[in-house]
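# Overview (structure and organization)
One letter stands for each residue in the lines below.
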Amino acid sequence: MNFEKLGATRSAGPWWNGAVVYQIWPRRFCDSDGDGVGDLQGIISRLDYLNDGRGGGLGVDAIWLSPIFLSPLNDFGYDVSGYTEIDPTFGTLDTFDELVAEAHARGIRVVLDWVPNHTSDQHPWFVESRADITNMKRDWYIWGDPGEPGTPPNNWVSAFPATGPAWTFDDHTGQYYLHSYTSSQPDLNWDNPKVRDAMLDTMRFWFDRDVDGFRIDVVHRLGKDPTLRDNDASGVEAEPTGPGRHDADWHTVHDRIRLIRSVADEYEDRLLVGEVYILHQPRIVDYVSGGDQLHLAHNFVFLNQPWSARSFGEVTAEFEAVAGRDVEPAWCLNNHDHRRIRSRLDEDGDGYTRARAAALLLLGLRGTIFLYQGEELGLPDTDVAVSLIVDVDGRDGARTPIPWEPPSVAGPGAGFTSGTPWLPVGATAETINVASLTDKDGSILELYRRLVRIRSAIPALRGGSFHIVRSVDDVFAYERRESCSAVTIAVNFSTVRQPMVRPLKNATEYRLLATSVPGEPTPFAALRPLEARWIQRISTTCS
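Residues numbered from 1 in each chain as written. Predicted model: local features only at pLDDT ≥ 70, side-chain atom pairs only at ≥ 80, totals over all residues. Heavy atoms only, no water.

### Here's the deal with the overall build of the protein
A count of helices and strands for the protein gives 15 helices and 18 strands. Principal-axis analysis of the C-alpha atoms gives the protein an extent of 75 × 50 × 45 Å. Surface accessibility of the protein: about 19,800 Å² in total, with carbon and sulfur atoms responsible for 49%. On the protein, the mean spot of the 52 positive side-chain charges and the mean spot of the 77 negative ones are 8 Å from each other. (Helix = DSSP H or I, 4+ residues; strand = E, 2+ residues; numbered from the N terminus. Areas by Shrake-Rupley, 256 points an atom, 1.4 Å probe, with all protein chains shown as cover. Lys, Arg positive; Asp, Glu negative; His and termini not counted. Charge placed at Lys NZ, Arg CZ, Asp CG, Glu CD.)

Shown next, in the form of structure tokens:
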């Protein structure tokens, strides 16, 4: 297909509107030095795979790097001990600067994972804070006296079930400190203006190095009830939704986000996307409304939907109704904290076919699309032996290294490393790897490349309006419109054929842009089982 003939490549507005962002988990992307752990130089060596700047590669607009700051890596970088340093596991500041320059030369933006809610217990700030109750940095963290003797200050619990209560007693000072995750990740006290100023300065450090934005980890936790009241019954669980919650989503969070936004606005074209893990879309929209908070917020309501036409239709319709046209959605179906979609939807052995259909569903939507590395290969979760599990929350299966070549050719590291990979690449690596799927007719990698390039080329897909056509009877169909052009995206969620919708009017030509099931059906032939399809309307008469 000649993509240049499909239309312009950019819509109006900031660079992230309609963009495709590719999440890289650095330690599992590519290892350059043979130590079995991915690094920054490895990412540089594979940038052409993502976008070579000349029309080749996957065609993504930006990369989001999971944490690379100095860290003891107890939670794989989400426990920061130095916000303005690169952990030597990944490289140096010079290597990072090289990565940014090489990415920008290819038209790839670079977004960093920023973790402002908590630090490592090895961060110098916390070392000082726990030294003595009179230390000047004591109130840089959240400390509380015991409730009843031998019990925490309140009933708040960690987001990690294995951790239990969100409080750990410090024998030296006789108080508990708060940790929303593991006990090695104490929460910063954002009620303290000195904490706020120090954290905002870490943003400036990276913006001054030409970073294009931040993905902000658990941003909804920056606001907590300062009186440390118990969560009500609706707010005791790790990630609850409801008015009874006191450990996150407190009203003060919005002023803190506005401060963060003010720093981003000191620079040109800098993105803030928040991890707002709240399963209530009107509350998510509260974090991006008004034009002075986040630019984008990940939508975990969408990610957690069952495989159902009605479910996806209702979620997208609700978001559009609540958010309005001026709010840019941020959609994803995979990330480092969840099982891969191929495995999540594989209860009857059709996970791969559903994953292909999900690619068309996702990449057709209005908004910014986030892909997780390996999604484009159709990777399943890897079965990791109990003896090799390293993650406190058991997410290792979705975090194993990218297989670049068959192990029979490249050895047990499958092109990820010349040494022993930190986690196994998985039993499917012989057939599911970049080399084997590249330029292979009908492969899921080639499908993703086609979809990303078409999305970039057609204005209706990059920035057009969104209209639901059908979301019942096992078919979810929606239309994207821009001027006289429109694209219909239809997904058959069932395992039997379904009639193809015919919403397109005033067309002088119909074009089948893509199908998730190999073959070239006519545009309006019945949808095959678990098939998704993109159809473009070419018209000289606007409707």
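Read on, since the account is not over.
### Regarding the sheet that holds strand S17 (residues 509–515)
Backbone hydrogen bonds are what pair the strands of a sheet, in a parallel or an antiparallel way. Across the sheet, which stays open at both edges, the 5 strands sit in the order S14-S15-S16-S18-S17 with antiparallel pairing between neighbours. Pairing within the sheet leaves two strands with one partner each, and these edge strands are strand S14 (465–472) and S17. Here the average twist between neighbouring strands, direction ignored, is 20°. Sheet topology note: the S14/strand S15 (residues 475–482) ladder contains 7 bridges and is antiparallel. Among the inter-strand pairings, Phe 466 is bridged to a residue of S15, identified as Arg 480. With respect to the sheet, helix H11 (residues 351–363) is in contact with S15, strand S16 (485–492), S17 and strand S18 (532–538), its orientation differing from that of S18 by roughly 40°. (Pairing = 2+ DSSP bridges. Axes fitted to C-alpha atoms, helices over the stretch in contact; angles between N-to-C directions. Contact = heavy atoms within 4.5 Å.)

### Some points on empty space enclosed by the protein
Under the definition given, this model contains 5 cavities of 30 Å³ or more. The computed volume of the largest cavity comes to approximately 60 Å³. Secondary-structure elements contributing two or more residues to the lining of the largest cavity are helix H10 (341–344) and helix H14 (444–457). Of the residues assigned to the lining of the largest cavity, the class counts are 5 nonpolar, 2 polar and 3 charged. (1 Å grid on protein atoms, 1.4 Å probe; cavity = no way out; pocket = protein on both sides within 12 Å on 5 of 7 lines; lining within 4 Å. Points joined across faces, edges and corners; volume = space filled by probe spheres on them. Nonpolar A, V, L, I, M, F, W, Y, C, P; charged D, E, K, R; others polar.)

### A short note on the pattern of salt bridges
As enumerated under the stated definition, the model contains 34 salt bridges in all. The partner of Asp 337 in a salt bridge is Arg 399, with the nearest N and O atoms 3.1 Å apart. Of the two residues, Asp 337 sits in the loop between strand S12 (330–332) and H10 while Arg 399 sits in the loop between strand S13 (368–372) and helix H12 (407–410), which places them 62 residues apart along the sequence. Relative accessible area serves as the criterion here: at 3%, Arg 399 is assigned to the buried category. (Salt bridge = Lys/Arg side-chain N within 4 Å of Asp/Glu carboxyl O. Buried < 20%, exposed > 50% of the residue type's maximum accessible area, 1.4 Å probe, protein only.)

### With respect to the packing of aromatic side chains
If you walk through the whole model with that rule in mind, you get 32 aromatic pairs. Taken together, the aromatic side chains of Phe 69, Tyr 83, Phe 96, Trp 125, Trp 140, Phe 205 and Trp 206 make up a single cluster linked through ring pairs. The aromatic ring of Trp 422 is capped on one face by Arg 27, whose charged end is 4.3 Å from the ring centroid. Of note, Lys 137 hangs over the ring of Trp 140, and the distance from its end group to the ring centre comes to 4.7 Å. (Phe/Tyr/Trp six-rings, centres within 6.5 Å; stacked < 30°, edge-to-face > 60°. Lys NZ or Arg CZ within 6 Å of the ring centre and 35° of its normal.)

### Examining the packing of helix H5 (residues 193–207) against helix H6 (residues 253–264)
Closest axis-to-axis distance for the H5/H6 pair is 10 Å, and the angle between their directions is 30°. By the criterion of interaxial angle, the relationship of H5 to H6 is roughly parallel. For H5 against H6, the interelement crossing comes out right-handed. Here H5 contributes Arg 196, Leu 200, Met 203, Arg 204 and Phe 207 to the contact with H6, which in turn contributes Arg 256, Leu 259, Ile 260, Val 263 and Ala 264. (Parallel < 35°, antiparallel > 145°, perpendicular 65-115°, else oblique. Left-handed = near helix turned anticlockwise from the far one by under 90°.)

### Examining the nonpolar core
Generally speaking, nonpolar side chains in soluble globular proteins are found buried as a group. One finds Tyr 22, Leu 50, Leu 65, Phe 96, Trp 114, Leu 294 and Trp 534 to be the most contacted residues of the largest nonpolar core, which totals 126 residues. With 8 residues, the top contributor of residues to this core is H11. If near-sequence neighbours (up to four positions away) are discounted, Trp 114 is found in contact with Phe 69, Tyr 83, Trp 190, Met 199, Thr 202, Met 203, Phe 214, Arg 215, Ile 216, Asp 217 and Ile 260. (Core = buried A, V, L, I, M, F, W, Y, C linked by side-chain atoms within 4.5 Å.)

### Overview of unusual backbone geometry
Positive phi, normally seen in glycine, also occurs at Leu 73, with a value near 65°. Despite not being glycine, Asp 439 shows a phi value in the positive range, around 60°.

### Some words on the pairing of S16
Buried residues dominate S16, accounting for 8 of its 8 residues. Bridging between S15 and S16 involves 8 bridges; their strand directions are antiparallel. Pairing of Tyr 478 across the sheet is with Ile 489, part of S16. Hairpin connection, S15 to S16: the antiparallel pair is bridged by 2 residues, and Ser 483 has positive phi, about 55°. Judged from the 7 bridges that link them, S16 and S18 form a sheet pairing that is antiparallel. Paired with Ile 489 across the strands is Trp 534, a residue of S18.

Read these as geometric descriptors, not functional statements.
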